[in-house]
Amino acid sequence: MRGVKPEMAEALAVKDGRIVFVGTLADSARFTGTTTRQIDLAGKTLLPGFIDTHGHFIYFGKNLVDADLFGVADIPELIARMKQQIERTPADGWIVGFGYQVRQMKEGRPPTIEELNTISSDRPVMIVDSSGHLGAGNSKLFEVVGITADTPDPTGGSFSRKEDGKSLAGPMEETALNAVRSKRPPFTGELADAVVQGAAKLWASYGQTTAMEAGLGLGSDDIGVVLNAIDKKLLPIDLYIAAKDSAVDDTLTAAYGVAAAYNPAPDGTLQKLRASRPDLDRRYVNRVRLGGIKFWLDGSIDTAWFTQPYASNPAGKTGSYSGFRQIPDEVIEAAIDRFWATDIQIHMHMNGDAAADQALTAIAKAVKKHGMRDARPVFVHGSVLRPDQIESMKRFGAIPSFLPSGIVPGGDSVVKLWGADRAAKSIAAQTFLRAGLPFTFSHDAPVSPQPWILELVDAGTNRRSGSGQVIGPDERISPYDGLRAVTAVAAYQLKEEATKGTLEPGKLADLVILDKNPLKVDPLTIKEIQVLETIKEGTTVFKRETGGAK
Ligand SMILES: [Zn+2]
């Protein structure tokens, strides 16, 4: 994975968690001792362990603890799955389910408050759909959080009321859902353990040896969940954390506490660590590292912020619509000014080019004040970037982390909303490649329903939408370049290229074994390739049971 062309090796040797040799089988003999375990891959494919450059590991782990509502066909099935969740939930916990989609359900509507009351009348019940933006609750839920039909809706959200307006109907949207969700009792003890253990198992099953939580602080107990994992050494794979903007100071304080506890300076105090922040070496402590901070500059397909209007308006929007700004310029400018010259990496969610303009203007101001640094700001998704913006990104060392798997389910809607030309130029992987600029692929799980790395390579190679149309054939890339976007370049994005991303002596023995070589199969079948084994620093952290399902 190190060069522009693939290189193949016959043998690889590992000692004490690091790669010590890569080359021919004959030459590997000198690394073989009496206790050496030799493994014949018998034609299977070994690659550097996959690196998650934008996912939501903790958020997803919490969903795993909740009832799985993905694919429910109707309301009775949803209720049945939620009833099973009661036994799994501690007595003081809420009964929570995640992942249903109203448009996939027979009734075409979310359950009513009465239907949710049949799950439990004396314990809070909350369901959240797969987008994470819509949900519903039972009567007990609204009682414990103190919300009635008379409670005013928060800005940017709503609680549905029955026709007479005098009682709650159950469903809630956006900020209203967030307000309720934030009152959920924290995950502690075994529940907190289960969050990271479940997510780690899942991430490793898709070949990842490094995971990311790109928004720590979405839940008020997130920091506690991570500290619990550090204290109990629960993580078998690395976890890079980017703190949600509003949680950054709390997260930094927690990180300094961890650094002080695990790596105390001789006369070290928390204050001294804080003062030395720009140069603080953010090494992994028990597999966790605070790497960055995350901002959301715009929305998704129907709320991406553009300089040009949408080709056709999303439902409910009239007139000339081009999406909208999520945070004021001053806020992002102050943040980049604060962190540009430190080792805290800046991640900015953006889909539209107006959002990219906002980011680039803020970076330009920071560069003018502090000088150019090796900051590698991440343009998360970076779906639509104009040529002049790509030039600026090159100047500032900014790296997009594209979400190619979004093309598969959402590509046809993107063409309709953004227009065929803008859709074709989106996720400009081939443009970046030709310009010699780095880019990565990320799944943003649970936005992609699974943290499935090979699906990204497949989608970036084929760019086929749900209906089978190829969206932007000129931006297709080779499977090899797709693999580099989730290994070597991914390590570079995380500033961990010295230890990860390629199979070279001295690097960590972070490895994945696949049943087929992605460079040799029909590109349309890349996502059918199975991960057989995942190895973190020489230790197997996932092994597929033979004969099992994908
Ligand atoms: Zn995300």
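None of these values were measured; they are calculated from a predicted model.

Novice: Just to check I follow, could you spell out unusual backbone geometry for this structure?
Specialist: Across the chain, the bulk of peptide bonds are trans and the bulk of non-glycine residues have phi less than zero. Along the chain, A445 connects to P446 via a cis peptide bond; the corresponding omega equals 10°. On the secondary structure map, P446 appears in the loop between β17 (440-441) and α17 (453-462). Even without a glycine there, the phi angle at R287 is positive, about 75°. For R287, the location among the structural elements is in the loop between α10 (270-275) and β13 (288-296).

Novice: Can you help me understand the pattern of salt bridges in this one?
Specialist: Proximity of charged atoms lets side chains of opposite charge pair with each other. Taken as a whole, this structure holds 34 salt bridges when the rule is applied. One salt bridge in this structure joins R109 and E115, with 3.0 Å as the shortest N-O distance. For R109, a relative accessible area of 32% translates into the label partly exposed. Looking at E115, the relative accessible area reads 21%, which means it is partly exposed. A salt bridge links D374 to R376; the nearest nitrogen and oxygen atoms lie 2.9 Å apart. Among the residues examined, R376 registers a relative accessible area of 7% and is labelled buried. Among the charged side chains, a salt-bridge network with shared partners connects D238, R287, R289, E496, K500, D510, K536 and E537.

Novice: Would you take a moment to explain the sheet that holds strand β5 (residues 67-68) for this structure?
Specialist: The strands making up a sheet are joined through hydrogen bonds of the backbone, oriented either antiparallel or parallel. On the basis of which strands lie adjacent, the open sheet formed by 6 strands has the order β5-β6-β7-β8-β10-β9 and mixed pairing. Looking at strand neighbours, the two that pair on one side only are β5 and β9 (157-161), the edges of this open sheet. Two strands pair when backbone bridges link them, and strand β8 (residues 134-137) and strand β10 (residues 168-173) are joined in this way by 3 bridges, in the antiparallel orientation. Note that in β10 the partner of L134 across the bridge is E173. Helix-sheet contacts for helix α3 (residues 75-88) involve β5, β6 (95-100) and β7 (125-129), and the interaxial angle to β6 is about 140°.

Novice: Before we go on, may I ask you to explain the side chain of Q208 in this structure?
Specialist: Residue position: Q208 is located in strand β11 (residues 208-216). Exposure remark for Q208: the relative accessible area of 0% places this residue in the buried category. From its side chain, Q208 meets the backbone oxygen of P451 in a polar contact 2.9 Å long. When sequence neighbours within four positions are dropped, the list of residues in contact with Q208 reads F50, D52, W203, I237, H443, P451, I453 and T534.

Novice: What am I meant to see in the pairing of strand β1 (residues 11-15) here?
Specialist: As a general feature of sheets, a regular strand has side chains that alternate between the two faces. By the bridge criterion, 5 bridges tie β1 to strand β2 (residues 18-23) in an arrangement that is antiparallel. Paired with A13 across the bridge in β2 is F21. Between β1 and the antiparallel strand that follows it, β2, lie 2 residues; D16 among them carries a positive phi value of about 50°.

Novice: Any chance you could explain the packing of aromatic side chains here in plain terms?
Specialist: This structure, assessed with the given rule, holds 13 aromatic pairs. Consider the rings of F402 and F439, whose centres lie 5.9 Å apart with planes at 40°: the pair is tilted. Here the residue F402 occupies a position in strand β16 (residues 399-402), and F439 occupies one in the loop between α16 (429-434) and β17, the gap between them amounting to 37 residues. Where F439 meets F441, the ring centres are 5.6 Å apart and the plane angle is 45°; that geometry is what we call tilted. On the accessibility criterion, F439 (3% relative accessible area) is buried. Looking at F441, the relative accessible area reads 1%, which means it is buried. Members of the aromatic cluster, joined through ring pairs, are F306, Y310, Y321 and W418.

Novice: Where do I start with the sheet that holds strand β3 (residues 45-48) in this structure?
Specialist: Spatial ordering of the open sheet is given by β3-β18-β19-β20, a layout of 4 strands whose pairing is antiparallel. The outermost strands of the open sheet, each flanked by one partner alone, are β3 and β20 (539-543). On average, each strand axis in the sheet is inclined to that of its neighbour by 25°, with strand direction left out of account. Sheet topology note: the strand β18 (residues 511-514)/strand β19 (residues 531-536) ladder contains 4 bridges and is antiparallel.

Conventions used here
- Residues numbered from 1 in each chain as written.
- Predicted model: local features only at pLDDT ≥ 70, side-chain atom pairs only at ≥ 80, totals over all residues.
- Heavy atoms only, no water.
- Helix = DSSP H or I, 4+ residues; strand = E, 2+ residues; numbered from the N terminus.
- Salt bridge = Lys/Arg side-chain N within 4 Å of Asp/Glu carboxyl O.
- Buried < 20%, exposed > 50% of the residue type's maximum accessible area, 1.4 Å probe, protein only.
- Pairing = 2+ DSSP bridges.
- Contact = heavy atoms within 4.5 Å.
- Axes fitted to C-alpha atoms, helices over the stretch in contact; angles between N-to-C directions.
- Polar contact = N/O pair within 3.5 Å; in protein donor to acceptor, adjacent residues only side chain to side chain.
- Phe/Tyr/Trp six-rings, centres within 6.5 Å; stacked < 30°, edge-to-face > 60°.

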